[in-house]
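# Structural description and commentary
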Amino acid sequence: MDHQSGLCGFCGIKCDKKCASCHKVFYCSAKHQREDWKNHKKCCPAFTICQDVKMGRFLVANRNLKFGEIVLKEAPIVTGPSQLTAPVCLGCLEEIQEKNMRKCSKCGWPMCSQECEEAESHAEECKVSAARGGVSIEHFVSPHPIYQCILTLRCLLMQNSCPEKWDKLSQLESHNDVRKDSLQWLSDREHVAKFIPRFFKMEHKWTEEEILRVLGIVYINGHEVPLTDPPYVAIYAIASLFEHSCCANVAKSFTETGDVVFWAAREIRKGDHLSICYTDALWGTLERQQHLKETKMFNCNCQRCLDITELGTNFSAIKCGALPEASSLTCDGLFLPQGNKDWKNDWKCGKCSRCVQFKEIQKVLQKAGKDATKMKGNVQSCIQFIEDYSTIFPPKHFIMCDVKCVLVQKIGEGDPQELQKISEDLLVMKAELCNEMLDLISLLAPAENRSRGCMHFELHAVLAEMARRGVEYEVECQALLEKSLFHVEKAIQWLEKEPSVLVEGKIYAQSKINADSLKIVLRMRNLSM
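Note that this is a predicted model, so its numbers are computed, not measured.

### Thoughts on the overall build of the chain
Helix and strand counts for the chain come out as 17 helices and 18 strands. Seen through its C-alpha atoms, the chain measures out along the principal axes to roughly 75 × 70 × 50 Å. Buried residues in the chain amount to 50% of all 529 residues. Residue pairs at least 24 apart in sequence account for 61% of intrachain contacts in the chain once pairs closer than 6 positions are excluded. With the model as given, the accessible surface of the chain reaches about 26700 Å², and the carbon-plus-sulfur share is 52%. Distance between charge centres in the chain, computed from 68 positive and 69 negative side chains, equals 3 Å.

### As for the packing of helix α4 (residues 150-161) against helix α9 (residues 208-221)
α9 packs onto α4 with a crossing angle of 115° between their chain directions and a minimal axis gap of 9 Å. As summarised for this structure, α4 and α9 are arranged roughly perpendicular, according to the angle between their axes. For α4 against α9, the interelement crossing comes out right-handed. Contacts between α4 and α9 pair L151, T152, C155 and L156 from the former with E210, I211, V214, L215 and V218 from the latter. Taken together, the residues that form the contact of α4 with α9 break down as seven nonpolar, one polar and one charged.

### Things to note about helix α13 (residues 398-410)
End to end, α13 covers 18 Å across 13 residues, agreeing with the expected 18 Å (1.5 Å per residue, within 8%). Among the 13 residues of α13, ten are classified as buried, and the element is accordingly described as predominantly covered. Of all the residues in α13, the buried ones are F398, I399, M400, C401, V403, K404, C405, V406, L407 and V408. Its buried side turned inward, α13 meets α10 (285-295), α11 (358-375), α12 (379-389), α14 (424-444) and α15 (449-469).

### Overview of the packing of α15 against helix α17 (residues 503-528)
Two elements in contact, α15 and α17, have axes separated by 11 Å at closest approach and are oriented at 40°. Crossing of α15 over α17 shows left-handed handedness. Taking contact as the criterion, the partners of R450, C454, F457 and H460 in α15 are, on α17, E504, I507, Q510, S511, N514 and L518. Of the residues that constitute the contact of α15 with α17, the class distribution is four nonpolar, four polar and two charged.

### Describing the pattern of salt bridges
Taken as a whole and assessed by the stated rule, the structure comprises 25 salt bridges. A salt bridge links K106 to E117, with the shortest nitrogen-to-oxygen separation between them at 4.0 Å. Note that K106 is positioned in the loop between β7 (102-103) and β8 (110-111) and E117 in helix α2 (residues 114-117), a separation of eleven residues in sequence. The class of K106 is exposed, set by a relative accessible area of 54%. On the basis of relative accessible area, E117 is assigned to the buried category, the value being 4%. For E489, the salt bridge identified is with K519, shortest N-O distance 3.7 Å. Of this pair, E489 sits in helix α16 (residues 474-495) while K519 sits in helix α17; the two residues are 30 residues apart in sequence, bridging distant segments of the chain. Exposure remark for E489: the relative accessible area of 32% places this residue in the partly exposed category. Overlapping salt bridges bring together E424, E465, R468 and R469 as one network.

### Here's the deal with the layout of surface pockets
Of the voids in this model, the second largest pocket is the one considered here, and its volume is about 690 Å³. Looking at the second largest pocket, it is lined by 23 residues, and the ones nearest its centre are I77, T79, E120, S121 and K165. Of all the secondary-structure elements, those providing two or more residues to the lining of the second largest pocket are β6 (78-81), α3 (123-131) and α4.

### Here we look at the sheet that holds strand β12 (residues 250-254)
Reading across the sheet, the three strands line up as β5-β13-β12 and stay open at both edges, with antiparallel pairing between neighbours. At either margin of the open sheet sits one strand with a lone partner, and together these are β5 (70-74) and β12. When strand polarity is set aside, the average angle formed by the axes of neighbouring strands in this sheet is 15°. Of the pairings in the sheet, the one linking β5 to strand β13 (residues 260-264) comprises four bridges and is antiparallel in character. Directly across from I70, in β13, lies its bridge partner W263. Where α15 meets the sheet, it contacts β12 and β13, and its direction lies at approximately 85° from that of β12.

About the criteria used
- Residues numbered from 1 in each chain as written.
- Predicted model: local features only at pLDDT ≥ 70, side-chain atom pairs only at ≥ 80, totals over all residues.
- Heavy atoms only, no water.
- Helix = DSSP H or I, 4+ residues; strand = E, 2+ residues; numbered from the N terminus.
- Buried < 20%, exposed > 50% of the residue type's maximum accessible area, 1.4 Å probe, protein only.
- Contact = heavy atoms within 4.5 Å.
- Areas by Shrake-Rupley, 256 points an atom, 1.4 Å probe, with all protein chains shown as cover.
- Lys, Arg positive; Asp, Glu negative; His and termini not counted.
- Charge placed at Lys NZ, Arg CZ, Asp CG, Glu CD.
- Axes fitted to C-alpha atoms, helices over the stretch in contact; angles between N-to-C directions.
- Parallel < 35°, antiparallel > 145°, perpendicular 65-115°, else oblique.
- Left-handed = near helix turned anticlockwise from the far one by under 90°.
- Nonpolar A, V, L, I, M, F, W, Y, C, P; charged D, E, K, R; others polar.
- Expected span 1.5 Å × (residues − 1).
- Salt bridge = Lys/Arg side-chain N within 4 Å of Asp/Glu carboxyl O.
- 1 Å grid on protein atoms, 1.4 Å probe; cavity = no way out; pocket = protein on both sides within 12 Å on 5 of 7 lines; lining within 4 Å.
- Points joined across faces, edges and corners; volume = space filled by probe spheres on them.
- Pairing = 2+ DSSP bridges.

Following this line, the structure appears as structure tokens:
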């Protein structure tokens, strides 16, 4: 048998056609490939790793992917505390206090239990810490400076303790050529690259350049994992190859054990690039761009960032009449940058062509941000903020939307029975806000699974309460219950991959209970009609 033929993965006969995605398994016909798909898809990758000079390595879909289909599930190469953190247990990475900690019997690092002291993840730094005479944490403050070196140290120690993982890690980008001499790089050099050899008495083990390269890999490729308090950082081999887009097509979740799970947030066509969002997709463009430049060392050129109106939402715009020297003007136009690369230059009204300096824009945004922070405490203060700033921002401005999302949560917050106590006006307001935010998120941040799932759950709860109140109107009640079921099933779809330790995982569990209850109610109503 030559290398161009093999045995069909379904029936075993000799054939010469392969799976078009993985090119590893032979099939004698499309029918047999379809019939074997349930088994084969477990080992058939959804993507191909590609590379070019401009983008480096990136992922492309091997086949058409349906909504919810798993693209990648991957265990971390290494995990550790974030650079800015309070003291944490180096076994479980949970925050630790002086009153509830025990010192590692070998090295002195604060731990929470004997089990964590013996954790494999702590073993290598335990050895070098013990060799230098131990570690003593005297102050349990946040952030504690000594912890910023741990993840980098764990990576460096893998060179000898786990060469296979080290090989995967060392292939990742550090972008040190871009980071060099920045304020962050200079701080890292002083507090990590110089600190590690001196503190652990390993002056000749690694050069400063080697440590800075590893630190760059940690900085550029680290994923924040929200399974502990505070969140920890994990580095994955393939996960780091997803390219960034503010309108990503892939959502990210985690398992209970810290594996990362990527899944299709919409239908993806074969040949499409696979992308996730590296920043907060619900920030304005200027904030997203600054964050990406500072943390990932690049400028985003996705379709949303190249459009100053952010896909027609005017997510960052300011009303012309709200700025200085506009008291005599009646213009109802909007100020926006004059180009997608000019966010810090003069902004121009799209209607009257008046220009203002960026510093005036900054003043408005800074004041609004402070006011929003103060007003998020309760329902009435959120409503007041929205009313006050409706003369300054268009309704879909990112600060307005942030407050609206908070308001959705505040109306009827806490016990499910709280919704039964609120006024009809607030109930209608919550429903309208939910619909508004769902439309906005689906357009601007389609892969924001947690936000979308939680918003669907909130809308489901409102509609169910409306149905309860309007039970005497049979037709409307039936329609409201059906809509409520629709939205709770959407919540299940968006949140089903969230771990139970997260709030979203708990909402997922409650959504399943509520969906079953609604199905029973609807079935009983249908039988009685």
